[in-house]
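# Structural description and commentary
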Amino acid sequence: MIQVENLVKRYGGHAAVDGMSFTVEEGKIYGFLGPNGAGKTTTMNVMTGYIAADGGTVVIDGHDILKEPIAAKACIGYLPEMPPLYPDMTVREFLLFAAELKKVPKAERKRRVTDLEERLSLTEMSCRLIKNLSKGYKQRVGLAQALVGNPKVLILDEPMVGLDPKQIIEMRDLIKGLAGDHTVILSSHILSEISAVCDHILIISKGKLAASGSPEELQKMMQGTAELVVTVIGEQEQAKAVLEQIEEIERFTFADGSEEGSILIHMETKDDVDIRKTLSVALAGAGMAILSMNRSEKSLEDIFLELTEAEELSETEETAGEEETDESNL
């Protein structure tokens, strides 16, 4: 549906988007996840044709956004972070106006707008001036204008910013309901929003694509090793003899447990192998009672921080290398 290759956008000497490439499949919900200033909005603005790229290509449903801008834009519905609304129009007037701008056939406009008002729970607000609506309803009107042309692709920039918890849940449900009929791309710097809504996540840092995959794939990709924390009754030497017999354990450390006579064991296993059953049998066979056993996994937050911090560290090292080169040339 969408192919982005080697996308570059600079503002002066700053590369807001730096060689980004990815593919978006039809009918799924994709999330751009990254800290403020990562390049999410700039990427979306280029994809919608709002601004021109300095390099690379964006192809939407077979249409290059640079070479065939009208055909490409006809496939897109766009909701910017600040919805483009006319405050002195009623909801119905604005949506009919948007339908006309998007060349919806005149005979279909009223039906299309009525259907959207019902779908987005705007029917009771139809005759109200937009300036008198709450933030949540304004977001719904903005989403309705993005949908009124029945686009194949829907691009939403921070669609839940400024909403209260109830409105966020409602907006999530609305977005989930769009999957299948539309390909949805949304951006956010809030991890819970992305993980709750999206089928596929693209983590962006410093204008580059740091990682791409489903939430489950990202966790598996970044897991590497798994940590197991076990509290047992017994002596460290006794536990050490047991642990050294289990080849899947890469390393382990001991600490005093919170209960008398107990020890706390932190261990890491190879390739995310689950050894809980094997370990339980081995410790029980050695006469060591297990008080607790917990297996920790990296959350999406852990993955996000690890990837973005690694990107920042890499950039710092490159900058330091450039400074050393400059000094050596003096």
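Quick note: structure is the one above.
About the cut-offs
Residues numbered from 1 in each chain as written. Predicted model: local features only at pLDDT ≥ 70, side-chain atom pairs only at ≥ 80, totals over all residues. Heavy atoms only, no water. Helix = DSSP H or I, 4+ residues; strand = E, 2+ residues; numbered from the N terminus. Buried < 20%, exposed > 50% of the residue type's maximum accessible area, 1.4 Å probe, protein only. Contact = heavy atoms within 4.5 Å. Areas by Shrake-Rupley, 256 points an atom, 1.4 Å probe, with all protein chains shown as cover. Pairing = 2+ DSSP bridges. Phe/Tyr/Trp six-rings, centres within 6.5 Å; stacked < 30°, edge-to-face > 60°. Lys NZ or Arg CZ within 6 Å of the ring centre and 35° of its normal. Core = buried A, V, L, I, M, F, W, Y, C linked by side-chain atoms within 4.5 Å. Expected span 1.5 Å × (residues − 1). Arc of directions from axis to C-beta.

Quick look at the overall build of the protein chain now. The helix and strand tally for the protein chain stands at 11 helices and 14 strands. Counting over 330 residues, the protein chain shows a buried share of 42%. Long-range pairs, those at least 24 residues apart, make up 67% of the contacts in the protein chain with a sequence separation of at least 6. Carbon and sulfur atoms make up 49% of the accessible area of the protein chain, which totals about 17200 Å².

This part takes up unusual backbone geometry. The phi dihedral of Asn 150 falls on the positive side, at around 50°, and the residue is not glycine. In this fold, Asn 150 is placed in the loop between helix H5 (135-147) and strand E7 (153-157). Relative accessible area serves as the criterion here: at 52%, Asn 150 is assigned to the exposed category.

Glancing now at the sheet that holds strand E4 (residues 55-60). Taking strand neighbours across the sheet as the criterion, the 4 strands line up as E2-E1-E4-E5 in an open arrangement whose pairing is antiparallel. Here the strands that pair on one side only, and so sit at the sheet edges, are strand E2 (14-24) and strand E5 (63-64). The sheet contact formed by strand E1 (residues 2-11) and E2 spans 8 bridges and is antiparallel. Residue pairing in the sheet places Arg 10 in a bridge with Ala 15 of E2.

Take the pairing of strand E12 (residues 249-256) next. Pairing geometry for E12 and strand E13 (residues 262-269), over 7 bridges, is antiparallel. Considered in E13, the bridge of Ala 255 is made with Leu 264. Here E12 folds back onto E13, and the loop between the two strands holds 5 residues, one of which, Gly 261, carries a positive phi near 80°.

This brings us to the packing of aromatic side chains. For the coordinates displayed, the defined rule picks out 4 aromatic pairs. An angle of 65° between the planes, with centres 5.5 Å apart, marks the rings of Phe 252 and Phe 254 as edge-to-face. A residue is classified by how much of its surface remains accessible, and Phe 252, at 24% relative accessible area, is partly exposed. Judged by its relative accessible area of 24%, Phe 254 falls in the partly exposed class. Aromatic ring contacts, followed pair by pair, group Tyr 86, Phe 94 and Phe 97 into a single cluster. Its guanidinium or amino end placed over the ring of Tyr 11, Lys 9 lies 5.5 Å from that ring's centre, counting from NZ or CZ.

What follows is about the nonpolar core. Counting residues in each nonpolar core, the largest one holds 42 residues, and the members touching the most others are Val 141, Leu 143, Leu 154, Leu 156, Ile 175 and Leu 186. In terms of nonpolar packing, the next biggest core, distinct from the first, is built from 25 residues, Met 20, Val 58, Ile 155 and Ile 185 among them.

Secondary-structure assignment places Ala 99 in helix H3 (residues 91-101). For Ala 99, a relative accessible area of 0% puts it in the buried group. Expressed as a C-alpha distance, the spacing of Ala 99 and Arg 109, which sit 10 residues apart in the sequence, is 6.2 Å. Setting aside anything within four residues of it in sequence, one finds Ala 99 in contact with Val 104, Arg 109 and Val 148.

Time to look at helix H4 (residues 106-119). Here H4 is 14 residues long and its end C-alpha atoms lie 21 Å apart, about the 20 Å a rise of 1.5 Å per residue gives. All buried positions along H4 are accounted for by Arg 109, Arg 112, Val 113, Leu 116 and Glu 117. The buried residues of H4 occupy one face: seen down the axis, they fall within an arc of 130°. Opposite its buried face, H4 presents the exposed residues Ala 107, Lys 110 and Glu 118, each directed more than 90 degrees away. The inward-facing, buried residues of H4 abut H3 and H5. Immediately downstream of H4, the backbone of Ser 121 shows phi near 55°, a positive value.

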